[in-house]
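Examining the three-dimensional arrangement
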Number of protein chains: 4
Amino acid sequence: MTENIRVGVLGARGRMGLEVCKAVDAADDLTLVSMIDQGEELFQASSAGAQVLVDFTNPDVVMDNLKWAIEQGISVVVGTSGFSDDRLAAVRGWLAAKPEVGVLIAPNFGIGAVLMMQFAARAARFFESVEIIEQHHPRKLDAPSGTAVHTARLIAEARAAAGSPPMPDATKEEQLGARGTDADGVRIHSIRASGLVAHQEVLFGTSGETLTIRHDSLDRSSFMPGVLLAVREVRKRPGLTLGLDALLEG
Amino acid sequence: MTENIRVGVLGARGRMGLEVCKAVDAADDLTLVSMIDQGEELFQASSAGAQVLVDFTNPDVVMDNLKWAIEQGISVVVGTSGFSDDRLAAVRGWLAAKPEVGVLIAPNFGIGAVLMMQFAARAARFFESVEIIEQHHPRKLDAPSGTAVHTARLIAEARAAAGSPPMPDATKEEQLGARGTDADGVRIHSIRASGLVAHQEVLFGTSGETLTIRHDSLDRSSFMPGVLLAVREVRKRPGLTLGLDALLEG
Amino acid sequence: MTENIRVGVLGARGRMGLEVCKAVDAADDLTLVSMIDQGEELFQASSAGAQVLVDFTNPDVVMDNLKWAIEQGISVVVGTSGFSDDRLAAVRGWLAAKPEVGVLIAPNFGIGAVLMMQFAARAARFFESVEIIEQHHPRKLDAPSGTAVHTARLIAEARAAAGSPPMPDATKEEQLGARGTDADGVRIHSIRASGLVAHQEVLFGTSGETLTIRHDSLDRSSFMPGVLLAVREVRKRPGLTLGLDALLEG
Amino acid sequence: MTENIRVGVLGARGRMGLEVCKAVDAADDLTLVSMIDQGEELFQASSAGAQVLVDFTNPDVVMDNLKWAIEQGISVVVGTSGFSDDRLAAVRGWLAAKPEVGVLIAPNFGIGAVLMMQFAARAARFFESVEIIEQHHPRKLDAPSGTAVHTARLIAEARAAAGSPPMPDATKEEQLGARGTDADGVRIHSIRASGLVAHQEVLFGTSGETLTIRHDSLDRSSFMPGVLLAVREVRKRPGLTLGLDALLEG
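Residues numbered from 1 in each chain as written. Chains lettered and ligands numbered in written order. Predicted model: local features only at pLDDT ≥ 70, side-chain atom pairs only at ≥ 80, totals over all residues. Heavy atoms only, no water.

1. Examining the interface of chain B and chain A
- Counting residues at the interface gives 44 residues for chain B and 44 residues for chain A.
- Roughly 3,300 Å² is buried in total at the junction of chain B and chain A, and carbon and sulfur atoms are behind 56% of that figure.
- Sorting the residues of chain B by area buried against chain A places Leu-141, Glu-173 and Ser-194 of chain B first, and these three jointly supply 15% of that buried surface.
- Counting the contacts that link chain B with chain A gives two salt bridges.
- Taking the shortest distance from any N to any O, the salt bridge between Lys-172 of chain A and Asp-60 of chain B comes out at 3.8 Å.
- For the pair chain B and chain A, the number of links is 23 residue pairs in polar contact (both at pLDDT 80 or more).
- For the side of chain B that touches chain A, the secondary-structure elements that each account for two or more residues are strand S6 (129-136), strand S7 (142-143), strand S8 (173-174), strand S10 (186-192), strand S11 (198-206) and strand S12 (209-217) of chain B.
- In terms of residues, the side of chain B that touches chain A owes the most to one element, S10 of chain B, which gives five residues. (Contact = heavy atoms within 4.5 Å. Buried area = accessible area lost by both parts, 1.4 Å probe. Salt bridge = Lys/Arg side-chain N within 4 Å of Asp/Glu carboxyl O. Polar contact = N/O pair within 3.5 Å; in protein donor to acceptor, adjacent residues only side chain to side chain. Helix = DSSP H or I, 4+ residues; strand = E, 2+ residues; numbered from the N terminus.)

2. Quick look at helix H7 (residues 224-233) of chain B
- Buried residues dominate H7 of chain B, accounting for seven of its ten residues.
- For H7 of chain B, the set of buried residues is Met-224, Gly-226, Val-227, Leu-228, Ala-230, Val-231 and Glu-233 of chain B. (Buried < 20%, exposed > 50% of the residue type's maximum accessible area, 1.4 Å probe, protein only.)

3. Observations concerning the packing of helix H5 (residues 111-123) of chain A against helix H6 (residues 146-162) of chain A
Residue and element names in this part refer to chain A.
- Where H5 meets H6, the axes come as close as 8 Å, and the angle between the chain directions of the two elements is 25°. By the angle class used here, H5 and H6 are roughly parallel. Here the hand of the crossing between H5 and H6 comes out right-handed. Together, Met-116, Met-117, Ala-120 and Ala-121 of H5 and Thr-147, His-150, Thr-151, Leu-154, Ile-155 and Ala-158 of H6 make up the contact between the two elements. (Axes fitted to C-alpha atoms, helices over the stretch in contact; angles between N-to-C directions. Parallel < 35°, antiparallel > 145°, perpendicular 65-115°, else oblique. Left-handed = near helix turned anticlockwise from the far one by under 90°.)

4. Section: the relation of the copies chain B and chain A
- For the pair chain B and chain A, the superposition axis carries a translation of 0.0 Å, the fit reaches an RMSD of 0.1 Å, and the rotation angle comes to 180°. Accordingly, the operation relating the two chain copies is best matched by a two-fold axis. Taking C-alpha positions as the reference, the residue of chain B nearest the rotation axis is Gly-177 of chain B, at 1.8 Å.
- The residues that chain B uses at the interface reappear at the interface of chain A in 100% of cases, marking a shared surface. (Least-squares fit on C-alpha atoms with pLDDT ≥ 70 in both.)

5. Comments concerning the interface of chain D and chain C
- If you look at the interface, chain D gives 44 residues, while chain C gives 44 residues.
- Buried area between chain D and chain C, both sides added, is near 3,300 Å², and the carbon and sulfur share of it is 56%.
- It is Leu-141, Glu-173 and Ser-194 of chain D that lose the most area in chain D upon contact with chain C, and together they represent 15% of the buried surface on that side.
- At the junction of chain D and chain C, the tally comes to two salt bridges.
- Our enumeration of links across chain D and chain C arrives at 22 residue pairs in polar contact (both at pLDDT 80 or more).
- Counting residues per element, the ones that place at least two in the side of chain D that touches chain C are strand S6 (129-136), strand S7 (142-143), strand S8 (173-174), strand S10 (186-192), strand S11 (198-206) and strand S12 (209-217) of chain D.
- Residue contributions to the side of chain D that touches chain C peak at five residues, all from S10 of chain D.
- A breakdown of the residues in the side of chain D that touches chain C according to their chemical character gives 15 nonpolar, 16 polar and 13 charged. (Nonpolar A, V, L, I, M, F, W, Y, C, P; charged D, E, K, R; others polar.)

6. Let's talk about the pairing of strand S2 (residues 30-36) of chain C
All names here are of chain C.
- Across six bridges, strand S1 (residues 5-10) lies against S2 in parallel orientation. For Leu-10, the partnering residue across the bridge sits in S2 and is Ile-36.
- In terms of handedness, the path from S1 via helix H1 (residues 15-26) over to S2 forms a crossover that is right-handed. (Pairing = 2+ DSSP bridges. Right-handed = clockwise from strand over helix to strand, strands pointing away.)

7. Notes on the relation of the copies chain D and chain C
- Rotating chain D by 180° and translating it 0.0 Å along the rotation axis places it on chain C, where the RMSD comes to 0.1 Å.
- An overlap of 100% is found between the interface residues of chain D and their copies at the interface of chain C, pointing to a shared contact surface.

8. Regarding the sheet that holds strand S5 (residues 102-105) of chain C
Residue and element names in this part refer to chain C.
- Taken together, the six strands give an open sheet; going across it, the order is S2-S1-S3-S4-S5-S13, and neighbouring strands pair in parallel fashion. The sheet terminates laterally at S2 and strand S13 (239-242), the two strands that pair on one side only. Between one strand and the next, the sheet's axes are offset by a mean angle of 20°, whatever the strand orientation.
- In the sheet, S1 pairs with strand S3 (residues 52-55) via four bridges, with the strands oriented parallel. Bridge pairing in S3 links Gly-8 to Leu-53.
- Across the sheet, helix H4 (residues 85-96) is in contact with S5 and S13; its angle to S13 comes to roughly 145°.

9. Let's talk about the environment of Glu-71 of chain C
- Following the sequence through the fold, Glu-71 of chain C ends up in helix H3 (residues 62-72).
- Through-space distance from the C-alpha of Glu-71 of chain C to that of Gly-205 of chain C is 47 Å; in sequence the pair is 134 residues apart.

10. With respect to the confidence of the model for chain A
- On average, residues of chain A score 93 in pLDDT, and 99% of them are at 70 or above.
- At the level of chain-chain contacts, confidence expressed as ipTM amounts to 0.72, with global pTM at 0.77. (pLDDT = per-residue confidence, 0-100.)

11. Section: H1 of chain C
- For H1 of chain C, which comprises twelve residues, the first-to-last C-alpha distance of 17 Å matches the rise-based estimate of 16 Å (1.5 Å per residue) to within 8%.
- The inward-facing, buried residues of H1 of chain C abut S1, S2, S3 and helix H7 (224-233) of chain C. (Expected span 1.5 Å × (residues − 1).)

12. A look at unusual backbone geometry
- Between Ala-143 of chain B and the following residue, Pro-144 of chain B, the backbone shows a cis peptide bond with an omega angle of 0°.
- Of note, Asp-184 of chain A is a non-glycine position whose phi angle comes to about 55°, a positive value.
- With respect to the helices and strands, Asp-184 of chain A occurs in the loop between strand S9 (181-183) and strand S10 (186-192).
- Judged by relative accessible area, which is 48%, Asp-184 of chain A ranks as partly exposed.

13. Structural notes on the pattern of salt bridges
- Within this structure, the stated rule accounts for 52 salt bridges over all chains.
- For Glu-131 of chain C, the salt bridge is made with Arg-179 of chain C, and the minimal N-O distance between the two is 2.9 Å. On the criterion of sequence distance, the pair formed by Glu-131 of chain C in strand S6 (residues 129-136) and Arg-179 of chain C in the loop between strand S8 (173-174) and strand S9 (181-183) is long-range, its members being 48 residues apart. Side by side, Glu-131 of chain C and Arg-179 of chain C carry an identical accessibility label, which is buried.
- Salt-bridge contacts for Lys-236 of chain D lead to Glu-233 of chain D; the nearest nitrogen and oxygen are separated by 3.3 Å.
- Accessibility expressed as a relative area gives 59% for Lys-236 of chain D, which makes it exposed.
- One salt-bridge network, in which partners are shared between bridges, spans Glu-131, Asp-169 and Arg-179 of chain A.

14. Details of the packing of helix H1 (residues 15-26) of chain D against helix H7 (residues 224-233) of chain D
All names here are of chain D.
- Direction vectors running N to C along H1 and H7 enclose 65°, while the axes themselves pass 10 Å from each other. As the angle between them shows, H1 and H7 are arranged roughly perpendicular. Two packed elements cross with a definite hand, and for H1 against H7 that hand is right-handed. Residues Met-16, Glu-19, Val-20, Ala-23 and Val-24 of H1 touch H7, and the partners they reach there are Met-224, Val-227 and Leu-228.
- Tallied by class, the residues present in the contact of H1 with H7 amount to seven nonpolar, no polar and one charged.

15. Topic: the packing of aromatic side chains
Residues and elements named next belong to chain B.
- Under the criterion given, the structure shown has ten aromatic pairs over all chains.
- On the basis of an interplanar angle of 40° and a centroid distance of 5.4 Å, the ring pair of Phe-127 and Phe-204 is categorised as tilted. On the criterion of sequence distance, the pair formed by Phe-127 in the loop between helix H5 (111-123) and S6 and Phe-204 in strand S11 is long-range, its members being 77 residues apart.
- By relative accessible area, Phe-127 is classed as buried at 4%.
- Under the relative-accessibility criterion, Phe-204 is labelled buried at 0%. (Phe/Tyr/Trp six-rings, centres within 6.5 Å; stacked < 30°, edge-to-face > 60°.)

16. Here we look at the sheet that holds strand S10 (residues 186-192) of chain C
- Pairing is mixed in the open sheet, where ten strands are placed in the order S9(B)-S10(B)-S6(B)-S11(B)-S12(B)-S12(C)-S11(C)-S6(C)-S10(C)-S9(C). At either end of the open sheet lies a strand with only one pairing partner, and these are strand S9 (181-183) of chain B together with S9 of chain C. Averaged over neighbouring strand pairs, the angle between their axes works out to 20° when direction is ignored.
- Of the pairings in the sheet, the one linking S6 of chain B to S11 of chain B comprises eight bridges and is antiparallel in character. Residue pairing across strands places Glu-131 of chain B opposite Leu-203 of chain B, the latter belonging to S11 of chain B.
- Against the sheet, helix H6 (residues 146-162) of chain C contacts S6, S9, S10 and strand S11 (198-206) of chain C, and its axis sits at roughly 170° relative to S6 of chain C.

If you want it as structure tokens, here you go:
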């Protein structure tokens with residue numbers, strides 16, 4: 001019989017953290033050993049013997065959390081957003097000194113979202129144009145979302161590999177920001193409104209037709225199957241893993 | 001028996017201009033007397049006895065066209081975009097000297113689009129948040145579209161009248177342009193992609209629900225009923241008229 | 001100082017009933033005096049002095065509940081679905097004997113939904129075609145939804161008043177049910193899928209353009225403002241009131 | 001230098017047929033040798049030396065066209081809808097006697113549509129529910145569309161292979177047709193409205209999230225790249241080929 005994985009949650013009283021606590025608690029093969037939120041000490045997690053931490057905190061503290069956990073030899077599943085290339089490089093640096101530790105940073109744990117991204121990458125070379133519209137609740141701190149930035153990167157790579165020409169765009173008079181932000185050559189538009197949860201639309205267009213791939217996450221519970229999968233897998237994948245994709249295909 | 005209205009078209013070889021020529025030609029109560037495009041002289045229209053001009057040109061020349069037409073005493077229906085408050089003030093100035101002339105400037109001649117705007121104005125006070133997403137073919141020169149800017153203004157007026165508080169938005173880290181452009185306090189996002197024609201979505205949100213009003217114009221023919229209505233009515237409405245609304249309700 | 005309205009809830013342990021109990025309890029001007037669910041006796045509500053009952057039960061018991069409440073002189077706000085013309089006639093009959101009692105039956109308490117219906121009724125005469133697509137969670141018992149049937153009726157009345165011709169439809173080979181159900185001449189399509197909550201789209205089309213009005217209710221809390229408004233108003237409106245419309249415009 | 005392929009078009013004066021004629025005529029490697037419409041004799045195509053026929057006719061005549069073409073040893077690309085299993089069996093029978101002839105029957109020649117179907121098949125096993133909403137202009141004769149039926153079959157096969165349980169659906173009171181038609185266990189809803197061209201949405205749902213794949217074909221020109229690809233490939237693929245998929249992946 002395999003022993004349960006001992007899990008600590010950082011940001012445990014936040015909306016997502018709370019869901020994670022519930023989901024870990026309900027899973028037969030996981031044991032929730034530590035719930036930490038702001039003002040509380042990280043060493044509670046190591047004292048409690050956590051083998052995997054789940055971090056749904058915020059961009060201001062996540063780097064400190066990661067540095068500490070990696071030093072302790074604890075693997076981490078990260079749902080916090082705001083990872084720039086610089087930040088990723090720093091994490092890779094810390095991991096170099098701890099080759100047995102795994103860190104999985106995913107901009108999105110919804111399996112539907114991951115499929116959306118995989119389909120977007122696959123469709124990219126067949127269409128002249130593509131733009132991303134992401135829609136979230138107005139309490140979100142960053143714009144665009146990590147999922148949108150990640151989707152843009154995948155699309156840009158697929159277009160580059162296929163030798164796609166630049167997208168057509170005759171805009172001459174633009175009010176600042178109207179055309180969204182440019183992420184790897186793909187325009188992203190970030191909607192923020194009450195009543196929304198987490199939604200993303202990838203719009204592809206070519207002469208006479210469009211193909212739209214849309215993901216709607218109406219409930220934080222939709223992320224939990226993906227989070228639990230990552231918790232179970234992260235220790236088997238030392239180093240830095242970005243996104244759920246590898247786990248879904250593996 | 002009433003005599004036919006004598007109509008000239010400016011921008012007659014453009015996509016919209018061509019449709020207008022066809023539609024005027026096919027209408028029993030209108031006579032197409034002049035088709036003018038760039039490089040051709042405006043006085044052809046006055047020589048031909050045009051009573052109403054329809055202008056689907058571009059922001060660079062429309063002001064000269066309007067000044068000339070008003071001086072000649074010819075009423076004008078304008079579908080060209082890019083009218084700032086300064087430009088509208090200039091037109092009003094020219095009209096002051098010619099009290100019998102009518103000018104109707106409409107950001108959109110689709111009856112569906114006008115209904116969309118009326119509904120948006122009416123819904124505005126019941127929702128905490130509202131954003132506009134407009135989607136057009138990639139040959140469009142301006143962003144956002146005139147329709148979107150006009151919709152934003154109507155929504156802003158309705159919210160101001162109802163004393164609506166500012167919309168919630170916790171964005172702290174924004175990549176330049178991600179949150180779109182701010183038009184009278186309403187965010188507008190402009191998508192440009194092949195395969196699109198002319199589309200606009202107004203998204204309202206409040207706790208737990210959203211209301212979306214979407215207009216899709218798949219074909220330039222959809223604008224023609226509105227253009228012809230304006231041609232028939234513009235001389236009865238001296239001075240400056242903005243939008244089709246008054247004509248629909250009158 | 002006005003006294004609080006004493007409210008009882010039928011179906012109090014159902015999903016909607018529970019939300020109503022919370023919302024009534026949280027409202028300063030209402031007092032929750034009775035929570036009744038299946039297997040419990042209605043007279044508990046009268047014993048507790050309920051002045052208004054809110055019924056979110058099911059089509060099998062709602063008629064008995066209404067008959068009893070009207071006889072007791074208690075006004076009722078009804079969110080239960082499945083009201084045929086026969087059922088409405090029965091309710092009107094019971095109310096005839098109790099002229100001081102008010103019953104408000106609303107297929108939908110979302111203010112967004114009511115606006116959707118008002119806009120649909122207003123747009124109806126300008127378009128050749130209109131169809132309704134309603135989407136709900138798979139636990140819903142009836143198809144189409146009450147909201148969809150009500151919307152169809154409003155559209156049909158507006159089209160009849162405007163003398164609209166029949167909608168174009170060349171379908172010759174139809175697999176049974178493909179074209180949806182016919183409600184007052186308007187086609188309704190009922191989608192049922194996990195991950196959905198309560199959504200409706202009204203699609204209008206004419207040559208070259210479509211206008212879509214869509215309402216998404218992501219959370220039962222979105223209905224509460226409408227339910228509380230109805231509770232406050234129902235005793236001022238003796239007899240049978242259908243829908244929130246009158247309350248919004250009054 | 002390869003010789004041009006000699007192409008005949010059946011249904012040459014229909015909307016799609018006309019586009020095909022233009023597209024074949026404009027392609028450097030194809031020669032348009034015969035344009036046939038109702039009332040005209042098929043032998044014109046064989047007399048003109050057609051090597052490939054493209055059939056966009058209607059369900060009443062397509063079987064006769066196919067039988068004749070196969071007997072003549074001419075390969076056929078078919079866009080006409082309405083192919084039942086019986087009809088496919090008949091075509092296979094005729095082809096058995098002519099092993100060198102290829103017939104490609106595609107419910108949809110839009111590359112976007114084919115991607116939509118491939119993505120739908122791939123997503124199918126990850127979601128509890130899936131329904132198809134197809135939307136077309138009101139001149140369409142059949143409901144549901146061939147594309148929708150084909151999509152349903154692919155989804156059903158993927159779900160069967162994954163051992164997916166039946167979809168949840170608690171509907172107890174259904175107005176006839178509200179829940180659409182059942183195609184291989186997948187519900188299809190067919191919208192018909194002016195202003196539409198050819199659209200399809202595949203809606204997947206599971207707890208807390210939905211994934212929607214939507215294809216909009218706004219213009220018949222969008223089908224031409226797929227039709228020309230099929231014309232070039234059909235003779236290399238003797239026997240019956242269903243759909244563009246194999247051509248896209250090959």
